[in-house]
Each structure stands twice: as structure tokens, then as C-alpha cells.
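# Structural features, examined
Each chain is listed here by its residues.
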Protein chains: 2
Amino acid sequence: MDKLPLTLPDLEPGWVWLVGAGPGDPGLLTLLAHQGLHQADIVVYDALVDPRILDLARPDALREYAGKRGGKPSPTQPDISARLVRHARAGKRVLRLKGGDPFVFGRGGEEALALVASGVPFRVVPGITSSIGGLAYAGIPVTHRETNHVVTFVTGHGVTGEVPDGLDWTSLARGSPALVFYMAIKHLGTIAERLLAAGRRSEEPVAVISRATTEQQRVLESTLGSVAVDVANAGIEPPALVAVGEIVRLRAGLDWLGALAGRKLTADPLASKIHRDAV
Amino acid sequence: MDKLPLTLPDLEPGWVWLVGAGPGDPGLLTLLAHQGLHQADIVVYDALVDPRILDLARPDALREYAGKRGGKPSPTQPDISARLVRHARAGKRVLRLKGGDPFVFGRGGEEALALVASGVPFRVVPGITSSIGGLAYAGIPVTHRETNHVVTFVTGHGVTGEVPDGLDWTSLARGSPALVFYMAIKHLGTIAERLLAAGRRSEEPVAVISRATTEQQRVLESTLGSVAVDVANAGIEPPALVAVGEIVRLRAGLDWLGALAGRKLTADPLASKIHRDAV
């Protein structure tokens, strides 16, 4: 990449940048994130950050894993925040790298408030959120004039790891023709049941996108009534996004990644029959 | 910027890339968008694209305005789509540059389907959507564990330029603690009234962010009961985002851009009183 005719802010010693790495594809990293990675002394990164993105850090930068998956005991949120504060106070240029966007189900607000409490200066660098980027790579726009003027994002698990308490499923089902759930695989059966109980149709199209925008991306098309069984049969693993609504039908026309691999697209996808992957 | 240790796809002759330019700040452009701009023969751009982003195109690239604002007669959507097809068929490398994300209230799906109908190959390059990026630059996370597990995005005007028909305001008001409206200034009074009629509190915090992430960014804090009057008094112009919900209170802690200019942040913003800008 040539030298940019742009002046971007520098990641200064003693600062923390809370940076969104986007959904996976390194091409979806922002210029600011890229510059921050190039300048950081320490990169504190999450489980869902693509290794190719981490490779953009300086060779001599320290890389610290702060992920919450895998067999090892996970650092708690206060641990991670304390670590960011400690590094910043030591005069390091600290880049906190989170999957997707730090302020969309990313706990970026909590980490930033911990920095505020300690007087550590920070900048927020938004990233492409997984739902919007991930659905786009599955050929599904989160909005489309003919289908929806509203889109709702919901996290599939709350503080305790269960489906979040206090969701008003009836209002969600009625208020938003398009719903996208983050981290919803574990509780997919419950989510589908609640939407059905709240009046959504069992033949409503659903797409499940795992490892969105990476080379391991898988997309399963199903219906609200069948998706829990289909996902189990297909052996789809987290992390995955679940999209519910007519927007999913647009994939028959807009699956540009499929078209790269030879899929024939239709220019009139909303007229086509609902697709359900054979599993 | 140094040479990337990454292989990104090339924008090939005869192809169209539908690219999101992000909310304004050129630092929020993606690496893919940046590469596409560098390779494109023709950039067809919208009104809300920052000139500094357009400057990243090759000096000899054709720049075609397809905006829908200003005094001149606006090109229709079929005009724009036909133009993209014509350029691609002429063997050009065509970059269609849209504000925000092409698939979030951006009509990207319509343009892509027109390309499909004409057999023109395309790629979608997501951008940071204005709501998420714009709110982040106002110090407002669209989600935060203590306030919401759901966020809903709504367009403030529909096909006819009016508040979209068919919105279920009661369900929106009940289903989503955090609502973000795009292009909502014109109909702000109506939107606030409907939310109040549907049971949202008149003292609920609201933020209006105009020209988000640009040097002209303005943020007005108000309440649902007062925002229409406050915005009129302050003379805030479109384009603007409107955020409704407790998330707005987090700005007292997370306004990092304000902190750069000397604002003192609080580490406990949800405990603080609701702020209303004097106007």
C-alpha cells in the first residue's frame, strides 16, 4: 500500500486505543486500526481476532491474549482492564484489539470506563461489526427497501451465558422484520421457540453464518421452524450469526462470494422460493 | 503506510465494487476500500462521502457524483444502476462509493441486483455504518451490558421521504431499550411523539449527532420530551443520527473526543444526572 495522503492520529505512549478488528477478513480492518497496529508496543487481543490481522503488528510488539475461549482459565474483565491500565501507566502504546466493533456486544464501554477511572487517555476505533459485515459476506443485506426499514441486533447470551433475561420477545418479534443474533448457536432452539411463540412464522427464512468473512465461512439456510435441527445436523459450531427475516431471501441474488465460486445469482430473489439447505 | 503483508483481492476491469466509505473520518475506511479506490478507473460517489476519502482515488480516475442532495436534479436509482452497468461493460474498474455501509439503509442491495440482472460481476465491501461509528465518536456505545442486550436501527424516512409506513411503534418502544434513527432530523417531532405515545418516558435521554466523525461533528444531548424543540433551537441540520435510550448517559464517561479537547470524564456515567444541553 502506498503512503497515504492522509494525516491520521498517532497512538501515543501512555494511551490505549480500543480497536475493532472487524469480523475476520483483514481487508475489513480500518486504516486507523492498521496504523495503530503498526505503532503499538503491546497488542492485547481477543479470541476472535484473525491471526492475519495480528500479523500486522510490529514484529517486536508484545502480543497478549485476553480471550475468553479455550481450555485455559479465562482472564476476567477486571483483569483485562487492570492490564490495560498497567501497560499504559508504564508508558506503552497499548492497542486493545477486539473482534467486530468494541461497542457492539464487545464490552468496550466497560474497558473504557476502567481507563477513565484510572485517568488513562484513550481513543475508540470502531470496526465493522460482525453482523453487518458477516451478513454482507453471505450476500444478505441487513436492510433492503422492499423488506425492512428496521433491523434489530440481539446478543444470544447475557452475563450468565444464558439467553439474556428481560428480552420482550413479543415486541422483538413484532417490531423488527429483520433480526440478527450474535453468538446465538448455543441457545438457537430457545431463540427460535420464543420467536415462534411470539408469532413469527415457522417457514420464515433464517440464515446461520459461522466464521463469517473468513476462509472457513459456512452459511446454512433454513427456516425458523427447522433451524435448530438443521444446525445440529450440519454440525455448525460457534461463533455464528443468525439472521431471521425476508432479508435472508435476498441471498439468492446477492451471494457475491458464491458467485465467485460459480453460483448463478437471480436478479429477483424475493420472488424465489425459500431455500432450505439439505443437511 | 507501508506495504501490507496481506494479499487483498484486486478490483478487476469490468467489475463493480459496492463500497462503504464509513461515516466520514477517512481513518475509518477499510483496507479493501482503500485498495479499491487506488485501483478504480471510475468512482461513482454519493453526497455523504468525505472529500478526503475521494482524494484517495487515483488522480486520473473519473469521479462521478451520484448524490441525491443539493439543488440539481438528482439521478434516480435506475439511472445510477444503469451507469454502473455501462461503465463495467466498457471494461472499466468501477467503484461505487456510498456513505456508511452499502447494506444499511444504503440501497446497495438494489444496485447489486441491477448488476446481477445485467450479468456484471460485483463484490460488496462493507463500511463502518454511520450509527455505530457516529455514536462511538460521540462517546456512546450502541450496546452496554448494564443498559441493553438489544439495539434497533431505524431509518427516519422511507421511500416517499416521510416517516416509513408500517412501523410498529409500540413494539419498537417496548422491544428495544436503545434505538438509533438514521436521517431523522426532518421527522424528529413525529418520531419523538410516537415513542412517547408508545410509552417511552419524556425524560429519557436522547443524543442528536450531526456530521458524525467529521470535523463538523456536533452532538446535542436532550430528552425525548424536549429534543424536537432543542434541535430546532440549536439549528442542527441533517445529516444527523438520533440515539434514544440509557446508552446516551454513557457519554458522560466515554466522550473520548471531548476529553481530547479537555472535557473531564466520569467513570460512573450511569449514576450521573441526565444532561440537557443549554440551547
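Residues numbered from 1 in each chain as written. Chains lettered and ligands numbered in written order. Predicted model: local features only at pLDDT ≥ 70, side-chain atom pairs only at ≥ 80, totals over all residues. Heavy atoms only, no water.

A few words on empty space enclosed by the protein. Any empty space left between atoms is shown by rolling a water-sized probe over those atoms. A complete count under the given rule lists two cavities of 30 Å³ or more for this structure. Considered as a void within the structure, the largest cavity measures approximately 50 Å³ in volume. If you go around the largest cavity, the residues you meet are A:Thr152, A:Ser171, A:Leu172, A:Gly175, A:Ser176, B:Thr152, B:Ser171, B:Leu172, B:Gly175 and B:Ser176. Of the residues belonging to the lining of the largest cavity, the class tally is two nonpolar, eight polar and no charged. Lining the second largest cavity are A:Gly127, A:Ile128, A:Thr129, A:Ile132, B:Gly127, B:Ile128, B:Thr129 and B:Ile132. Split by residue class, the lining of the second largest cavity holds four nonpolar, four polar and no charged. (1 Å grid on protein atoms, 1.4 Å probe; cavity = no way out; pocket = protein on both sides within 12 Å on 5 of 7 lines; lining within 4 Å. Points joined across faces, edges and corners; volume = space filled by probe spheres on them. Nonpolar A, V, L, I, M, F, W, Y, C, P; charged D, E, K, R; others polar.)

Its rotation angle being 180°, the transformation that places chain B on chain A also includes 0.0 Å of axial translation and leaves an RMSD of 0.0 Å. When the rotation and shift are considered jointly, the pair of chain copies conforms to a two-fold rotation axis. (Least-squares fit on C-alpha atoms with pLDDT ≥ 70 in both.)

A separate point is the environment of B:Thr155. Positionally, B:Thr155 belongs in strand E6 (residues 150-155). Judged by its relative accessible area of 4%, B:Thr155 is buried. Along the backbone, B:Thr155 and B:Val180 are 25 residues apart, and their C-alpha atoms lie at a distance of 8.5 Å. If we skip the residues at most four places from it in the chain, B:Thr155 touches A:His149, B:Phe105, B:Pro164, B:Tyr182 and B:Met183. (Helix = DSSP H or I, 4+ residues; strand = E, 2+ residues; numbered from the N terminus. Buried < 20%, exposed > 50% of the residue type's maximum accessible area, 1.4 Å probe, protein only. Contact = heavy atoms within 4.5 Å.)

A separate point is the sheet that holds strand E10 (residues 240-244) of chain A. Spatially, 10 strands are ordered E9(A)-E8(A)-E10(A)-E7(A)-E6(A)-E6(B)-E7(B)-E10(B)-E8(B)-E9(B) in an open sheet, and the strand pairing comes out mixed. Where the open sheet ends on each side, the last strands, each with one partner, are strand E9 (218-223) of chain A together with strand E9 (218-223) of chain B. For this sheet the average axis-to-axis angle between neighbouring strands, irrespective of direction, equals 15°. Docked against the sheet, helix H8 (residues 227-234) of chain A engages strand E8 (205-210) and E9 of chain A, running at close to 145° with respect to E9(A). Sheet contacts for helix H5 (residues 130-137) of chain B: E6, strand E7 (178-182), strand E8 (205-210) and strand E10 (240-244) of chain B; angle to E10(B), the most-contacted strand, approximately 75°. (Pairing = 2+ DSSP bridges. Axes fitted to C-alpha atoms, helices over the stretch in contact; angles between N-to-C directions.)

Take the sheet that holds strand E5 (residues 122-125) of chain A next. Residues and elements named next belong to chain A. The parallel open sheet is built from five strands, whose spatial order is E3-E2-E4-E1-E5. The sheet is open, and its two edges are formed by strand E3 (62-65) and E5, each paired on a single side. For this sheet, the mean inter-axis angle between neighbouring strands, taken without regard to orientation, is 20°. As paired elements, strand E1 (residues 16-20) and E5 share four bridges and run parallel to each other. Its bridge partner lying in E5, Val-19 is registered against Val-125.

Before going further, it helps to examine the pairing of strand E4 (residues 94-98) of chain A. Residues and elements named next belong to chain A. Here E4 lies mainly inside the structure; five of its five residues are buried. Judged by which residues are buried, E4 turns out to be covered on both faces: Val-94, Arg-96 and Lys-98 on one side and Leu-95 and Leu-97 on the other are all buried. Inspection of the sheet shows E1 paired to E4 by five bridges, in the parallel sense. Looking at E4, one finds that Leu-18 is bridged to Arg-96. When strand E2 (residues 42-45) meets E4, the two strands line up parallel, connected through four bridges. Within E4, the residue paired with Val-43 across the bridge is Leu-95.

These values are about where atoms sit, not about what they do.
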